[in-house]
Amino acid sequence: QRALKKTSLVTPKEHWPAIARTGVSMRPSDTPPHCTGAYFDLVYDDTYMQAQHLFIAMVATHDPQNIVDLLRQHPYHLDALLQMSEVYAQTGEAQTAADMLERAVMYLSSPSTPHAFTSSLGGVRVDFTKDGNKVLFRALLLQALSVGRRGAARTALELIKLILSLAPDDDPLGALLCLDHFALRSRQFPFLLALHSFYANTPSSYPNHHVPYLPNWGFSRALAAYNVGPKVLAEYEDVAAGVTADSLLQQALLLHPAVLPLLLEKACVVRDGGVWGKALAHPLFLRAQARLSPTEQHLQSIFVERNLALWKASNVLEWLMKVVKATLKALDENSLHLHPDTAPPLPPGLYRHILIANFSDNITTIPQDALQEAQQAMNMPRHAPLPDGLHHLDPNGHPLMLLLQSLMPWNAAPLDGLAG
């Protein structure tokens, strides 16, 4: 056992148990072909792997209480902590959910796994495709979203930057889909503009050269420019050539016109009649959604879900209205022309594995009385016997209990049971 010490990411709480000297560590790994940086892997000892096998068995019982019991024996088992954090969040116990997350992050940033969290080692990489490493990325992302919901946008930004630095080429968890959001919320406008400029000047062979054409980066770049003013903007954009916050927003609207009707709908802005109604009836925006590829629809939905609060502010909506009116007037007067082929198409299926719900600040919680009713309906024992193998979910079970069970990663509903 070793005493808890403050890490670069988490300050331990007094009630947390001491950390065992065995468990998880980081070891150097072979660098994949065509990659750069010093690669590391998470390594698990025999004691931890025994707890992992027990965790899988506990998950198969469909009873979250069994995972709670496992954590009493192995208080820093990572998958168990993350799983129960999600369960507690769904049941409205936000503080306990945050506590579970912080324990996992503290364990990962303890002296046995220091490399990924040492800021001086900017070239440290972790291969997400290896199953043993995925828990590191998952814990960091959940912690970033958690602290972001609690108002610590700068902390969330630093965590997202860390995630991106560990796998900058493939960005497996979509850090680039929310990094701009936390930069805006923490008022790190110059950083956002500088990063956009970096990606805009990368060659087409660079893995993330498409970043400037993502909807979130186009609109966030404009909003950052709106907040910094011309003097600071001149450090990152060609102001002498007429680049302004208005022109950047106009560029984003021309490139992603379907964002405007979706954004106004989510913001509950009155769109029938009036100025907005007239604008949305323009050919630029009319049926813009129908012209999108599935990848573009997905990415634009993520952008609106993540950034709605930033764009529904009254001053921002007024600015948006001003630029929309100026853009449509210029199009109608033929002083502005659409150039649909200027932006390269986004890679098919880009970020298709990323769920929109992952970027929402809204957590749907289940009332405690409904949970009790569900448990009675299922007649679930507090300590269910271990099965011989993993079980599928019963599609005819109580819906609320099925929701909790579905949070367990090894559960799956049989497709034949869901037909019709």
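Calculation notes
- Residues numbered from 1 in each chain as written.
- Predicted model: local features only at pLDDT ≥ 70, side-chain atom pairs only at ≥ 80, totals over all residues.
- Heavy atoms only, no water.
- Helix = DSSP H or I, 4+ residues; strand = E, 2+ residues; numbered from the N terminus.
- Buried < 20%, exposed > 50% of the residue type's maximum accessible area, 1.4 Å probe, protein only.
- Contact = heavy atoms within 4.5 Å.
- Areas by Shrake-Rupley, 256 points an atom, 1.4 Å probe, with all protein chains shown as cover.
- Pairing = 2+ DSSP bridges.
- Axes fitted to C-alpha atoms, helices over the stretch in contact; angles between N-to-C directions.
- Phe/Tyr/Trp six-rings, centres within 6.5 Å; stacked < 30°, edge-to-face > 60°.
- Lys NZ or Arg CZ within 6 Å of the ring centre and 35° of its normal.
- Arc of directions from axis to C-beta.
- Salt bridge = Lys/Arg side-chain N within 4 Å of Asp/Glu carboxyl O.
- Left-handed = near helix turned anticlockwise from the far one by under 90°.
- Nonpolar A, V, L, I, M, F, W, Y, C, P; charged D, E, K, R; others polar.
- Expected span 1.5 Å × (residues − 1).
- Polar contact = N/O pair within 3.5 Å; in protein donor to acceptor, adjacent residues only side chain to side chain.
- Parallel < 35°, antiparallel > 145°, perpendicular 65-115°, else oblique.

K.L.:
Quick question: what am I supposed to make of the overall build of the protein here?
P.N.:
Secondary structure assignment for the protein yields 17 helices and three strands. Across the 420 residues that make up the protein, the buried fraction comes to 50%. Across the protein, every contact between residues at least 6 apart in sequence was considered, and the portion connecting residues at least 24 apart equals 67%. With the model as given, the accessible surface of the protein reaches about 20700 Å², and the carbon-plus-sulfur share is 55%.

K.L.:
When you look at the sheet that holds strand S2 (residues 38-44) in this model, what are you seeing that I'm missing?
P.N.:
Strand pairing in a sheet relies on backbone hydrogen bonds, with the paired strands running either antiparallel or parallel. Reading across from one edge, S1-S2-S3 is the order of the three strands in this open sheet, with mixed pairing throughout. At either margin of the open sheet sits one strand with a lone partner, and together these are strand S1 (24-28) and strand S3 (124-126). On average, each strand axis in the sheet is tilted by 40 degrees relative to the strand beside it, whichever way the strands run. Bridge analysis of S1 against S2 gives five bridges, and the strand direction is antiparallel. Residue Pro-28 lies in a different strand from S2, and its bridge partner there is Phe-40.

K.L.:
How should the packing of aromatic side chains be read in this particular structure?
P.N.:
Each aromatic ring pair is summarised here by two numbers: the centre-to-centre distance and the angle between the ring planes. As enumerated under the stated definition, the model contains 10 aromatic pairs in all. Here the aromatic rings of Phe-128 and Phe-137 are separated by 5.2 Å at their centres, their planes lie at 90 degrees, and the arrangement is edge-to-face. For the pair formed by Phe-128 and Phe-137, the shared burial category is buried. With a centroid separation of 6.0 Å and 90 degrees between ring planes, the pair formed by Phe-198 and Tyr-206 is classed as edge-to-face. Of the residues examined, Phe-198 reaches a relative accessible area of 43% and is grouped as partly exposed. Of the aromatic side chains, those joined through ring pairs into one cluster are Phe-219, Tyr-226, Phe-303, Trp-311 and Trp-319. Lys-134 extends its terminal NZ or CZ atom over the ring of Phe-128, reaching a point 5.5 Å from the ring centre.

K.L.:
Could you clarify how one ought to interpret helix H11 (residues 245-255) in this entry?
P.N.:
Turning to H11, its buried residues number three or more, namely Ala-245, Leu-248, Leu-249, Ala-252 and Leu-253. All buried residues of H11 project into a common sector of 140 degrees when viewed along the axis, lining one side. Buried residues along H11 sit against helix H9 (215-228), helix H10 (230-233), helix H12 (259-266), helix H14 (294-311) and helix H15 (314-332).

K.L.:
What am I meant to see in the side chain of His-196 here?
P.N.:
If you trace the backbone, His-196 turns up in helix H8 (residues 189-200). Not counting chain neighbours up to four residues away, the residues in contact with His-196 comprise Pro-212, Trp-217 and Arg-221.

K.L.:
Where do I start with the pattern of salt bridges in this structure?
P.N.:
Note that side chains of opposite charge can pair when their charged atoms are close. Applying the stated rule across the entire model yields 10 salt bridges. The partner of Glu-102 in a salt bridge is Arg-150, with the nearest N and O atoms 3.5 Å apart. With Glu-102 in helix H4 (residues 94-108) and Arg-150 in the loop between helix H5 (134-149) and helix H6 (153-166), the pair connects residues that are 48 residues apart, well separated along the chain. For Lys-134, the salt bridge identified is with Asp-131, shortest N-O distance 3.3 Å. Overlapping salt bridges bring together Lys-13, Glu-102 and Arg-150 as one network.

K.L.:
Help me understand the packing of helix H3 (residues 78-90) against H5 in this model?
P.N.:
Helix packing for two helices is described by the angle between their axes and how far apart those axes are. Where H3 contacts H5, the two axes come as close as 11 Å, and the packing angle between them is 35 degrees. In terms of crossing hand, the pair formed by H3 and H5 is left-handed. Residues Leu-78, Asp-79, Leu-82, Gln-83 and Glu-86 of H3 touch H5, and the partners they reach there are Val-135, Arg-138, Ala-139 and Leu-142. Its residues placed into classes, the contact of H3 with H5 shows five nonpolar, one polar and three charged.

K.L.:
Could you clarify how one ought to interpret H15 in this entry?
P.N.:
Think of an α-helix as turning once every 3.6 residues; residues three or four places apart then point the same way. The end-to-end C-alpha distance of H15 is 27 Å, a good match for the 27 Å that 19 residues give at a rise of 1.5 Å each. Along H15, the residues classified as buried are Val-316, Leu-317, Trp-319, Leu-320, Met-321, Val-323, Val-324, Thr-327, Leu-328, Ala-330 and Leu-331. Buried-residue contacts for H15 involve H9, H11, H12, helix H13 (274-280) and H14. Where H15 ends, the next residue or the one after it, Asn-334, has phi of about 60 degrees, a positive value.

K.L.:
I keep staring at the side chain of Ser-29 and nothing clicks. Help me out?
P.N.:
One can find Ser-29 in the loop between S1 and S2. A polar side-chain atom of Ser-29 sits 3.0 Å from a polar atom in the side chain of Asp-41. Engagement of the side chain of Ser-29 in a polar contact is seen with the side chain of Lys-130, the distance being 3.0 Å. Beyond its immediate sequence surroundings of up to four residues, Ser-29 is in contact with Tyr-39, Phe-40, Asp-41 and Lys-130.

K.L.:
Help me understand unusual backbone geometry, please; the structure alone is not making it clear to me.
P.N.:
When glycine is set aside, most residues are seen to have a negative phi, and most peptide bonds are trans. Phi angles above zero are rare outside glycine, and His-62 is one such case at about 65 degrees. Along the chain, His-62 falls in the loop between helix H1 (46-60) and helix H2 (64-73). The exposure class assigned to His-62 is buried, which follows from its relative accessible area of 15%. Notably, Arg-187 is not glycine yet its phi reads approximately 60 degrees, a positive angle.

K.L.:
How should the packing of H11 against H15 be read in this particular structure?
P.N.:
Running from N to C, H11 and H15 point in directions that differ by 70 degrees, and their axes come no closer than 10 Å. In terms of orientation, H11 lies roughly perpendicular with respect to H15. Helix-helix and strand crossings are classified by hand; for H11 and H15 the assignment is right-handed. Along its contact with H11, which presents Ala-245, Asp-246, Leu-249, Gln-250, Leu-253 and Leu-254, the element H15 presents Trp-319, Leu-320, Lys-322, Val-323, Val-324, Thr-327 and Leu-331. Classifying every residue of the contact of H11 with H15 by side-chain character gives nine nonpolar, two polar and two charged.

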